[in-house]
Amino acid sequence: MGRPLFYEIVEKPASSCIIGICSAIWFYIQKKNIGYSHVGLSYETAVKGHHWRIITSAFSHISVLHLLFNMSALWSLGVVEQLGHMGLGVSYYLQYTLVLVVLSGLLVLGMYHVLIQIFKLDYFRRVTVVGYSCVVFGWMTILSVKQPSSKLDLFGFLSLPISFAPFESLIFTSIIVPQASFLGHLSGIIVGYAIAWGLIHGMNNYWAISMLGWIVLVFMHSLKRSGTYDFYFLEIESVTDPSLPSVRFLGSGRTLQMSAIPVEGVELV
């Protein structure tokens, strides 16, 4: 017999929380009958200022099979949390999960930009990505470099050598699931290698909390500015330079000015 689930959860607290969050969001999406177009990320919506979709697209899943595949892989990859003696551990896992969510989303948009503006492939303008696979592929890649002897277990019976898992899974999902986002998965692999090889490094609790704060601020600002959700306690106004947006917290008298960044189908990530 295997170990009780309770002990597994205690040893993988971050993975367990993320699985719980993604599952709760899936139930909410099903209950409210929300479509991928409402939460997914596309080049067209990003250009319109819906930057909040970088976050919502990562944690949203439309089909139960999509959710199960990603959460099964994520549970297996939670072994990273148990490798504190190798410089990994829970803090490392949380810090670089934040990096993977943001950078893989931005990289996907960058790839779409090149395909649309340089190669004139307008099809990618409306392609919408949704799912946590970009982060899953990122952790597969990191673990394949840091702990190449590990195994990736899927659904409790399928086991893959972690050293080959990123590209095996990339090819497998592209063939078996036509809607799978090749570019979304590839972006997770690229960011994963950048982290594993030390090209992206230096994250600690201070930088992670600072980054999270900016993510929340940009998330709320883009929700309000795009008209998706009206935060009554926030007022957006132009100061000094009308081309630069600002956020003012009502009642505090403080205004923050930020630099403006110019910025058919659905793909599962």
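What you see is a predicted model; the values in this text were computed from it and never measured.

### Some thoughts on the UniProt feature "transmembrane region" (unreviewed entry) in the protein
Item 1. Here the UniProt feature "transmembrane region" (unreviewed entry) sits at residues 58–80, 92–116, 123–142, 154–175, 182–200 and 206–223.
Item 2. Structurally, residues 92–116 is divided into 100% helix and 0% strand, and its ends, taken at the C-alpha atoms, are 36 Å apart.

### Examining the packing of helix H8 (residues 133–146) against helix H9 (residues 165–176)
Item 1. Two numbers describe how H8 lies on H9: the axes approach to 8 Å, and their chain directions differ by 150°. By the criterion of interaxial angle, the relationship of H8 to H9 is roughly antiparallel. Seen from H8, the contacting residues are Phe137, Met140, Thr141 and Ser144; seen from H9, they are Ala165, Pro166, Ser169, Leu170 and Thr173.
Item 2. Looking at side-chain class alone, the contact of H8 with H9 contains five nonpolar, four polar and no charged residues.

### Notes on empty space enclosed by the protein
Item 1. If you add up the space inside the largest cavity, you get close to 100 Å³.
Item 2. In this structure, the largest cavity is lined by 15 residues; those nearest its centre are Ser57, Gly105, Val129, Cys134 and Val269.

### Let's talk about the packing of helix H2 (residues 13–32) against helix H7 (residues 89–117)
Item 1. Across the interface, H2 lies against H7 with an axial gap of 9 Å and an inter-helix angle of 40°. One element, H2, and the other, H7, form an angle in the oblique class. Here Pro13, Ala14, Ser15 and Ile18 of H2 lie close against H7, whose contacting residues are Val90, Tyr93, Leu94 and Thr97.
Item 2. Its residues placed into classes, the contact of H2 with H7 shows six nonpolar, two polar and no charged.

### Points about unusual backbone geometry
Note on backbone geometry: most residues besides glycine have negative phi, and most peptide bonds are trans.
Item 1. The backbone phi angle of Asn33 is positive, close to 55°, even though this residue is not glycine.
Item 2. For Asn33, the location among the structural elements is in the loop between H2 and helix H3 (36–39).
Item 3. Taking relative accessible area as the criterion, Asn33 reaches 69% and is therefore assigned exposed.
Item 4. Despite not being glycine, Lys120 shows a phi value in the positive range, around 60°.
Item 5. The residue Lys120 is located in the loop between H7 and strand S1 (127–130) in this model.

### Structural notes on the side chain of His61
Item 1. Structurally, His61 is set in the loop between helix H5 (53–59) and helix H6 (64–77).
Item 2. Engagement of the side chain of His61 in a polar contact is seen with the side chain of Asn70, the distance being 3.0 Å.
Item 3. In this structure the side chain of His61 is engaged in a polar contact, spanning 3.3 Å, whose partner is the backbone nitrogen of Tyr132.
Item 4. In contact with His61, other than residues within four places in its own chain, are Cys22, Trp26, Ile29, Gln30, His66, Leu67, Asn70, Met71, Val130, Gly131 and Tyr132.

The rules we used
- Residues numbered from 1 in each chain as written.
- Predicted model: local features only at pLDDT ≥ 70, side-chain atom pairs only at ≥ 80, totals over all residues.
- Heavy atoms only, no water.
- UniProt positions renumbered as here; feature names shortened; annotations may be inferred.
- Helix = DSSP H or I, 4+ residues; strand = E, 2+ residues; numbered from the N terminus.
- Axes fitted to C-alpha atoms, helices over the stretch in contact; angles between N-to-C directions.
- Parallel < 35°, antiparallel > 145°, perpendicular 65-115°, else oblique.
- Contact = heavy atoms within 4.5 Å.
- Nonpolar A, V, L, I, M, F, W, Y, C, P; charged D, E, K, R; others polar.
- 1 Å grid on protein atoms, 1.4 Å probe; cavity = no way out; pocket = protein on both sides within 12 Å on 5 of 7 lines; lining within 4 Å.
- Points joined across faces, edges and corners; volume = space filled by probe spheres on them.
- Buried < 20%, exposed > 50% of the residue type's maximum accessible area, 1.4 Å probe, protein only.
- Polar contact = N/O pair within 3.5 Å; in protein donor to acceptor, adjacent residues only side chain to side chain.

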